[in-house]
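Fold and contact review
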Amino acid sequence: MMDVPTANQSQTPCQPWAGQNGWSPASPQEHPCNPLPSFYHLNLGSPSDQRTCHDHLQASNQRCQNDIASCRNNTPQSTLYVNADQCVQPITPDANLSSVVPAVSHERNIPPCSLPLMNEGTLPRKPQQMPFYSPHSPYQAICSPFQPPYTHQGLLNEPQSSHQKHLSISSPSFGQCVNQSPQCTPQPAFERANVEASVGYTHSHASPSSPIQQQPHWTLSPGSKGTINEFVPNATPQDRDITPQSPNSESRYGLDPELLPSAVKVIAEDRAEWEGKVFVSEPFSRLPPLATTSCLIEDRGNASPFAIRSASYCVPCEGQAALLSRLPLGALVTPLAKQTAGEKPLPLCKEPECVMGCGWCGASMCPAMSWQDCGQRFYCPFCGKLSEVPWQHYQPTKGVEGVRVDKDTRPELSMGSYEILNSQKGEPAALLIALDVSASALRGGHLEFATQQILTLLHSLKREDGEATSDVRVGLMTYDSRIHLYDLSPALSRPHMLVITETDDLQLPVREGLLVPLKDCKDGIDSVLQLIPQFSSECDDSGGVPMELPVKAGLAVLQALSCPGKLLIFHTAPLIEMGHTNTSSGFFGSNKPKSIFQPSELAVSLAKECVSQGCGVHLFVLAQQDVGGAWPGHIPYLTGGALYTYSHLQGELDRERFSTDLKRIVETDTGYKAELRIFVSKDLRVSGCYGLFIPGPSPGQVPMATLDWLTTLAVELAHTRALDEARGVAIQAVLSYSTQTGDRRTRVHTLTLRCSRHLQEIFRQYQAQTLLTFYCKKLYCAVLERPLQELREELQTEATEALASYRKHCCTASVSAGQLVLPQYLRALPVYINSLRKSEVLLPGLRSSVHQRLQQRCQVLSMDACSTSTHFYPLLLPLPNCPNREEALRCSAASLEPRGLYLVHTPLTLLLWVGTQVPVCTLVELFNTSCFSSLPSGETKLPVLDNPLSVSVRSLINTLNSQTPCARKLWVVKQGDTCEEALQRHLVEDKSPNGGASYADFLYHLHVNSVRLLQ
């Protein structure tokens, strides 16, 4: 096990508001911005102790110079070899940081430290000229031309400090090594290795008395691929290409963000390798393409990574190794993942003809089963027991491996994914529409548009074979403080309204005619929908309408007819919670700690009933709700539905979005009354399952009301005993569900993975996007019970310890403390972790409303790996030069130029940033205006113009919108405009408006603390 120093118990208490801004209240209040709150500063104590620390620094520098002289005499050329799967980059920015890396304490265990931050920035100095910081002068003010006065303005939302503490570090050595010439006499150089991308470090020195000193920058060394990077200590500023950066983009440690590991580069490299190609998924296969890469999957015994994607494709044999890696063990499961165009459809087997699975644990038949006794019995890897084969399904085996002779003709024996059509058939799903006809809805004036859109959609529905009118059963009801049901029986001359006034105990007066096939009741529905906008208000809704009322009524209709379905609620009146009193069920009525993310007990109880019935609730809120009202999204999201909000449907953009959302909900293929079961090898167990659902009796058994092709869950695994390296690991996801027509089906996904006892091999088989999605689902589920600050610290600690573990156990080459070492496929993990850590859900900003955070949490929890990674690292696309996804830029303000147009795409947001110096011809072609000041900002729609630029941009926007779970409005953000903060939240490599650290600063602290753990 890795030795982790214990935390210092004597820490200075923090201000109470510090935790609200994302910083640990346990950390000393010293620095304006601390990206790593869970690690503490080291208190130097008395002046004599500080003098001792200063003397230690002098001695350390002397030893460093002696080591350099020894290397110069003994080594003809300074070369560092690193494994090909490691990304090693220099992380020490300048010599002044020799005052900030902690020294080793011989008296007590010292926790990992956050580095001290200067008021005016850090300045490079020679090691022997490092200033001594007096305890009477906690701030050492040093001016720099690259540290403008706006630095403190960007730190208003972060904890301020009154003391600055400094720790010693062995400073980098200086020199020059010209690697192109073999006759070069090696000089002491800043040590680095070049494997993925060579990084050159250029540093200019000034005399101690010089009033102006230059901060260091990293620059790419030309022609340095595969060689030692050139270090030029006397380079002038004119010799370097310095990119102007915004205040939020700058690193306080002098790091050049452009030279840090890039998520954009990782995605581009994977696309270049796999885009449009075929990945063969077979047992014990290699690492698959990233979730953001579009490729074809050929199933040869392993499920598609788009259906079940393991966190690591090489599982540690022992639980001790899994704990040592500090990385989670689990998988992402998307049971109804769609097949990519060009792939073979999922094979369908009839239940009587399919070979039965294990009779002991219930696992389905799959290629992971091994056959014995000439095919009479098979071994189940999920329970470790033998099962007899019924004589109807017996076939002999052949070869040494014991493969059945009919393997190639049976999908359950040869395919990682297949589907079983069960003999039992259930009731077809229904579509139930509930419309709010309260006084607020009738005054709003939007009911006429909503009913027209519903009517148009119903007329456009077709049968599954594409002919005639759909035979889906449809029901209709309206409500205010009462429930109005409609008998749509074809035998009636016109529909009959049934009014229910006793809503506390709903009793349906009739059952027949409440759900009728659309082809038989089209005329009746038309007449009712046309009359609804003409209703007169009979009830006063000033007190609001309980949001559970239409849910209870719709659920009662489905229960009476014993069928699943979708319940579409169109609500306008102010929302209140049903039965809201001052009893212990309220938020403040109990001593038990509660979170703002927790649903009420009534909402959970009602959602459980919907799950057991297979009722998915989709709620359309057609009016802007008052701030502080009840959030109505708990029941929809817990039942596989969603919440959609609009502003009275008055604007054209809201109406288009409403129509798109409504059509997408009704036409999306959905599974009803589903149950997901997870089976794993007998030496593993399912320790947790994370997603939008109501927990079942065990973590490996999840009931769901409805789900679609985007619904993704994260499954966490744990060891029960050591794994057999020869057998590997098998993970199986079995989904039982009903289709729209009532067919009962079972979809099976099986994944077989390798095992290894080598920690280095395990680290190589992780992917950053998969880890991001896993961490996101786990933490977003944990916010129901645990404090946000604790979750942020835990995430940061796990990432730090994982880097330390890889550095200690897997780095085969000797690297200095100033070098960043990352596994090849985890290069983007730090930027993903930082983006997740400072997201609005975990770190709320000053302008973040509770409803927005609740909505965003549920939307992100339901996303798959591709959408999740795009949400936390948006696509920044330059326009009009290259409107395609392959030309994405890094999400930083430094990527934006005043002469450019940039499109920012996430699954929930679409922004178009317009620079102040965009050519007039571009404005005319895209916006049909020639003046930047007259360009409208905010929600807008691009005009339809007949020119190549307009056509290509609108085509790109339509393509991106087709990949999102909900319709989005296009926001135009002008440079310098007040709404530019909306863009800043998506520039995840910069310091965020809610106080989150920049990527460069977070990575620096992550590296320093991981190195500190090994000391």
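Structural notes, computed from the coordinates. (Residues numbered from 1 in each chain as written. Predicted model: local features only at pLDDT ≥ 70, side-chain atom pairs only at ≥ 80, totals over all residues. Heavy atoms only, no water.)

In terms of regular secondary structure, the chain is built from 21 helices and 37 strands. Expressed as a percentage of the 1015 residues in the chain, the buried residues total 58%. Here the contacts in the chain between residues at least 6 apart in sequence split such that 74% fall between residues at least 24 apart. Carbon and sulfur atoms make up 51% of the accessible area of the chain, which totals about 41700 Å². (Helix = DSSP H or I, 4+ residues; strand = E, 2+ residues; numbered from the N terminus. Buried < 20%, exposed > 50% of the residue type's maximum accessible area, 1.4 Å probe, protein only. Contact = heavy atoms within 4.5 Å. Areas by Shrake-Rupley, 256 points an atom, 1.4 Å probe, with all protein chains shown as cover.)

Sheet strands pair via backbone hydrogen bonds, and the direction of the pair is either parallel or antiparallel. Pairing within the open sheet is antiparallel, and its four strands lie in the order β6-β8-β29-β27. The open sheet is flanked by β6 (308–310) and β27 (684–690), the only strands paired with a single partner. In this sheet, adjacent strand axes meet at a mean angle of 25° when their direction is disregarded. Strand direction decides the pairing type here: β6 and strand β8 (residues 330–333), joined by three bridges, are antiparallel. Pairing of I308 across the sheet is with V333, part of β8. Strand contacts of helix α13 (residues 768–782): β6, β8, β27 and β29 (713–719), with the helix running at about 95° to β29, the strand carrying the most contacts. (Pairing = 2+ DSSP bridges. Axes fitted to C-alpha atoms, helices over the stretch in contact; angles between N-to-C directions.)

Right, let's talk about the environment of R899 for a bit. Along the polypeptide, R899 turns up in the loop between β33 (875–879) and β34 (901–905). Taking the relative accessible area as the measure of exposure, R899 reaches 54% and is therefore exposed. Here the alpha-carbon distance between R899 and P919, two residues 20 residues apart in the chain, equals 6.9 Å.

Following both chains from N to C, one finds α13 and helix α14 (residues 788–809) inclined at 155°, their axes separated by 11 Å at the closest point. For the element pair α13 / α14, the angle class is roughly antiparallel. At the point where α13 passes α14, the crossing takes the right-handed sense. Here Y775, L779 and A782 of α13 come into contact with α14, specifically with L791, L795 and E798. (Parallel < 35°, antiparallel > 145°, perpendicular 65-115°, else oblique. Left-handed = near helix turned anticlockwise from the far one by under 90°.)

The subject of this paragraph is helix α8 (residues 548–561). End to end, α8 covers 20 Å across 14 residues, agreeing with the expected 20 Å (1.5 Å per residue, within 8%). The element α8 is extensively covered by neighbouring structure, given that 11 of its 14 residues are classed as buried. Of the residues making up α8, those classed as buried are E548, L549, P550, V551, A553, G554, L555, A556, V557, L558 and A560. Downstream of α8 by a residue or two, S562 has a phi angle that is positive, lying close to 55°. (Expected span 1.5 Å × (residues − 1).)

What follows concerns the sheet that holds β34. Taken together, the five strands give an open sheet; going across it, the order is β33-β34-β35-β37-β36, and neighbouring strands pair in mixed fashion. Across the chains shown, the open sheet's two edge strands, defined by having one partner strand only, are β33 and β36 (938–940). Here the average twist between neighbouring strands, direction ignored, is 30°. Pairing geometry for β34 and strand β35 (residues 910–914), over five bridges, is antiparallel. Residue pairing for β35: Y902 is matched across the bridge by W913. The strands touched by helix α18 (residues 920–927) within the sheet are β34, β35 and β37 (970–974), with β35 carrying the most contacts at an inclination of about 150°.

Here the focus is the packing of aromatic side chains. Counted by the stated rule, this structure contains 17 aromatic pairs. Pairing W274 with F279 gives two aromatic rings, centres 5.4 Å apart and planes at 80°, and the pair type is edge-to-face. Judged by its relative accessible area of 2%, F279 falls in the buried class. Each ring, one from Y690 and one from F774, has its centre 6.2 Å from the other, and the planes form 90°; the classification is edge-to-face. Separated by 84 residues along the polypeptide, Y690 in strand β27 and F774 in helix α13 bring together distant segments of the chain. By relative accessible area, which is 1% here, F774 ends up buried. In this structure an aromatic cluster arises from ring pairing among F449, F570, F620, Y644, Y646 and F658. The ring of F306 carries the charged tip of R309 above its face, separated from the ring centre by 5.7 Å. (Phe/Tyr/Trp six-rings, centres within 6.5 Å; stacked < 30°, edge-to-face > 60°. Lys NZ or Arg CZ within 6 Å of the ring centre and 35° of its normal.)

Quick look at the pattern of salt bridges now. If you walk through the whole model with that rule in mind, you get 29 salt bridges. A salt bridge links E419 to R745; its shortest N-O distance comes to 3.2 Å. Pair noted here: E419 is in strand β15 (residues 417–425) and R745 is in strand β31 (residues 743–756), with a separation of 326 residues, a long-range link. R745 sits in the partly exposed class, given a relative accessible area of 21%. In the salt-bridge network here, residues are joined through shared partners; they are R404, D406, R410 and E412. (Salt bridge = Lys/Arg side-chain N within 4 Å of Asp/Glu carboxyl O.)

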